[in-house]
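One-letter residues, chain by chain:
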Amino acid sequence: MHPWSRPFRGRVDELTIDSRALVGNPLGDPSERPIWVYLPPGYDDQPERRYPAIYLIQGMTGQIDMWRNRTAFRPTTPENIDALFAGEGPGDGPPPPALVVFVDCWTSFGGSQYLDSPGTGDYHTYLCDEVVPFVDARYRTLAERDHRGITGKSSGGYGAMITPMLRPDLFAGLATHAGDALFEACYGQMFAGAARALRDGYDGSIERWLADFRSRPAFSKAADEFLLESHGYAACYSADEDGTIRHPFDPATGELIPEVWDRWLRWDPVRMARTPEGAAALRSMRAIYIDAGSRDEYFLDLGAEAFRRACQAASTPEPFFELFDAKHGGIEYRYPIAIRYLAERLSP
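Just so you know, these numbers come straight off a predicted model, no measurement behind them.

Caption draft 1: Molecular detail of the overall build of the protein chain. Helix and strand counts for the protein chain come out as 12 helices and 10 strands. Rg of the C-alpha trace for the protein chain: 20 Å, near the compact-globule value of 20 Å for 348 residues, within the 12% margin. Here the C-alpha coordinates of the protein chain stretch approximately 65 × 45 × 40 Å along the principal axes. In the protein chain, which comprises 348 residues, the share counted as buried stands at 56%. Residue pairs at least 24 apart in sequence account for 72% of intrachain contacts in the protein chain once pairs closer than 6 positions are excluded. If you sum the accessible surface of the protein chain, you get close to 14,600 Å²; carbon and sulfur atoms cover 51% of it.

Take a look at the structure:
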C-alpha cells in the first residue's frame, strides 16, 4: 500500500549462509551472514528456465537490511528492481529476467572492500567461493561466468570493478556507480581530515578515537566519517600478516608514508586495469558499465573517467559511460539502469 510499500511481482527470498571463510575473522564479526535473492516474475511458473545472476554489493558501512531504507518520494531499491523486471522501470519494457543477489560483507570497521585481508577477514573468498556456489546450488541460474555479473555503488562499485579482475572465471559483467578509483583523487582529502582530527582530539592515536567512537552514538562527532573510513580502508588495503593496520599518512601532518601508500595503490582499480592480468580480465568481459555524478564530493567522477580510459586502453568492449549532474548521495535510483544493462548482455 502506497506510500509504505509496493506489491511485488517477483519475490525476495531471505536466507543465511554459515560461512567457513569468515570463521575466526580478526574483528570477531559474525560468520553467519544474511543473503537475499530476488526472483523475477515468472520464476516459479517456468521450472525449466535458467537465469543470469547479478550480484548487488553495498558501499562502506552498508549492511543488508539497509536496502529497505526508504528516502522521501522514492521506492526502495528492491522495489525499484522489482518494477524493472515487471516492465515499469527505466527503458522500454522489462529486460531479460535475471536473479539479483543482495550480498552482505559488512564489518565492524564499516566494510571489507570485498578483499581478503588479515585486518578484516576473507571477504573476497566468501563472496566468490561461498556466496556464488550457494546461489547456484539453490536456484536455477545459468551457472557459467558468461551469465554472471556484479554491481554496486561507492565501495560496492569498487568491489564491482576489482572482483571480475581478480576472478574473471566467475564474472563476465560489471557495473560501477561512483566506485572508489584513482585513489590519489578520492582519498587525499580524507587523509587530511583524519590527520587533523587525530591531532586535535586524540593525540594522534587511532586507538583512542576507536575507543571513543564505540562509547557513544556513532557519527555523533564531525570527524567520525573521516576516521572510520580511513581506518576501515587501511584494514583492507594495508594490514600486515599479523593483523597490524598501517595507515598511509602521518597523523601529525597528513603527509603520505610512501611504503604504505604504495600498498594502497596496488588495489586501485585504475592501476589494476593497467596490469597485464587486469587488462586481460577486462578484455574478457561481456559488459562494462561506469557512471558517477559530475559533482561527486569524493571526486569519483574523475576515477570513473580514469577507469573508462584504462578499459579502452585494454581494448575491452566499449564501456557504457555517463557522468550526470549529481553528488555522491542519492544516486541509488540508477541501480535498475545498470541491472538492465547487465541483464541484456548476460542473457543467452
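Caption draft 2: Structural detail: the state of the cysteines. Applying the stated rule across the entire model yields zero disulfides. Considering cysteine sulfurs only, C128 is the nearest to C105, which forms no disulfide, with 9.3 Å between them. With no disulfide of its own, C311 lies 16 Å from the sulfur of C186, the closest cysteine sulfur. We classify C311 as buried; its relative accessible area is 0%.

Caption draft 3: Highlighting the sheet that holds strand 9 (residues 287-293). Across the sheet, which stays open at both edges, the eight strands sit in the order 1-2-4-3-7-8-9-10 with mixed pairing between neighbours. Edge positions in the sheet fall to strand 1 (11-18) and strand 10 (320-324), since each of these pairs with one other strand and no more. Strand after strand, the sheet turns through a mean of 15° between neighbouring axes, direction not considered. Inspection of the sheet shows strand 2 (residues 32-39) paired to strand 4 (residues 99-103) by four bridges, in the antiparallel sense. Paired with V37 across the two strands is V101, which belongs to strand 4. Packed on one face of the sheet, helix 1 (residues 77-85) meets strand 2, strand 3 (53-57) and strand 4 and runs near 170° to strand 4.

Caption draft 4: Fine view of the pattern of salt bridges. Taken as a whole, this structure holds 29 salt bridges when the rule is applied. Note that E79 and R70 form a salt bridge whose closest N and O atoms lie 3.0 Å from each other. For E79, a relative accessible area of 10% gives the class buried. The closest approach of N and O atoms between D240 and R263, which form a salt bridge, is 2.9 Å.

Caption draft 5: Focus on helix 12 (residues 335-346). Under the 1.5 Å per step criterion, the end-to-end length of helix 12 is 16 Å for 12 residues, consistent within 8% with the ideal 16 Å. For helix 12, the buried fraction is high: nine of the 12 residues fall into the buried class. Where helix 12 is concerned, the buried positions are Y335, P336, A338, I339, R340, Y341, L342, A343 and L346.

Caption draft 6: Representation of helix 7 (residues 224-237) in the model. Under the 1.5 Å per step criterion, the end-to-end length of helix 7 is 20 Å for 14 residues, consistent within 8% with the ideal 20 Å. Most of helix 7 is tucked away, with 12 of its 14 residues classed as buried. Of all the residues in helix 7, the buried ones are D224, L227, L228, E229, S230, H231, G232, Y233, A234, A235, C236 and Y237. Where the residues of helix 7 are buried, they touch strand 5 (116-117), helix 3 (155-166), helix 4 (183-186), helix 5 (188-202), helix 6 (206-213) and helix 8 (258-265).

Caption draft 7: Structural context of the confidence of the model for the protein chain. Averaged over the protein chain, the pLDDT score is 97; the fraction of residues at 70 or greater is 100%. For the protein chain, the element scoring lowest by mean pLDDT is helix 5, at 93; strand 3 scores highest, at 99.

Caption draft 8: Up close: the environment of G149. Mapped onto the elements, G149 comes out in strand 7 (residues 148-153). G149 sits in the buried class, given a relative accessible area of 0%. Those residues in contact with G149 that sit more than four places away from it in its chain are A53, I54, Y55, F171, G173 and L346.

Caption draft 9: Looking closely at the environment of S230. In this fold, S230 is placed in helix 7. At a separation of 3.2 Å, a polar atom in the side chain of S230 contacts the main-chain carbonyl oxygen of L227.

Caption draft 10: A look at the packing of helix 6 against helix 7. As a packed pair, helix 6 and helix 7 sit with axes 11 Å apart at the nearest point and diverge in direction by 115°. In the crossing of helix 6 with helix 7, the sense of the turn from one axis to the other is left-handed. Contact residues: helix 6 offers I206, W209, L210 and F213, while helix 7 offers D224, L227, L228 and H231. Of the residues in the contact of helix 6 with helix 7, the class split is six nonpolar, one polar and one charged.

Rules behind the numbers
- Residues take numbers from 1 onward in each chain, read along the sequence in its written order.
- Residue-level local features of this predicted model are given only where pLDDT is at least 70; pairs of side-chain atoms are given and counted only at 80 or more, and the full residue set underlies all totals for whole chains, interfaces and linings.
- Each side-chain value is derived from all of the structure's non-hydrogen atoms; neither hydrogens nor water enter the calculation.
- Put simply, DSSP H or I for four residues or longer makes a helix, DSSP E for two residues or longer makes a strand, and each gets a number counted from the N terminus.
- Our radius of gyration looks at C-alpha atoms and nothing else; its globule reference is 2.2 Å times the residue count to the power 0.38.
- Three exposure classes are used, based on accessible area relative to the maximum for each residue type with a 1.4 Å probe and protein chains only: buried under 20%, partly exposed in between, and exposed over 50%.
- By definition in these notes, contact holds between two residues if any of their heavy atoms fall within 4.5 Å.
- In short, Shrake-Rupley with a 1.4 Å probe defines the accessible areas, and a residue's cover is counted only from the protein chains shown.
- Throughout, a disulfide means two cysteine sulfur atoms within 2.5 Å of one another.
- Note: two strands are recorded as paired if DSSP finds a minimum of 2 bridges between them.
- Only the stretch in contact is used when a helix axis is fitted, and all axes are lines through C-alpha atoms; the angle between N-to-C directions ranges over 0 to 180 degrees.
- Salt bridge criterion: a side-chain nitrogen from Lys or Arg within 4 Å of a carboxyl oxygen from Asp or Glu.
- How far a helix is expected to stretch is found by multiplying one less than its residue total by 1.5 Å.
- As a per-residue quantity, pLDDT reports the predictor's confidence and falls between 0 and 100.
- Polar contact criterion, stated in full: a pair of N or O atoms within 3.5 Å, where within protein one must be able to donate a hydrogen and the other to accept it, and residues adjacent in sequence count only if both atoms are side-chain atoms.
- Crossing handedness is defined as follows: a turn of the near helix away from the far one that is anticlockwise and smaller than a right angle gives a left-handed crossing, while the clockwise case is right-handed.
- Three categories are distinguished: nonpolar for Ala, Val, Leu, Ile, Met, Phe, Trp, Tyr, Cys and Pro, charged for Asp, Glu, Lys and Arg, and polar for the others, with Gly belonging to the last.

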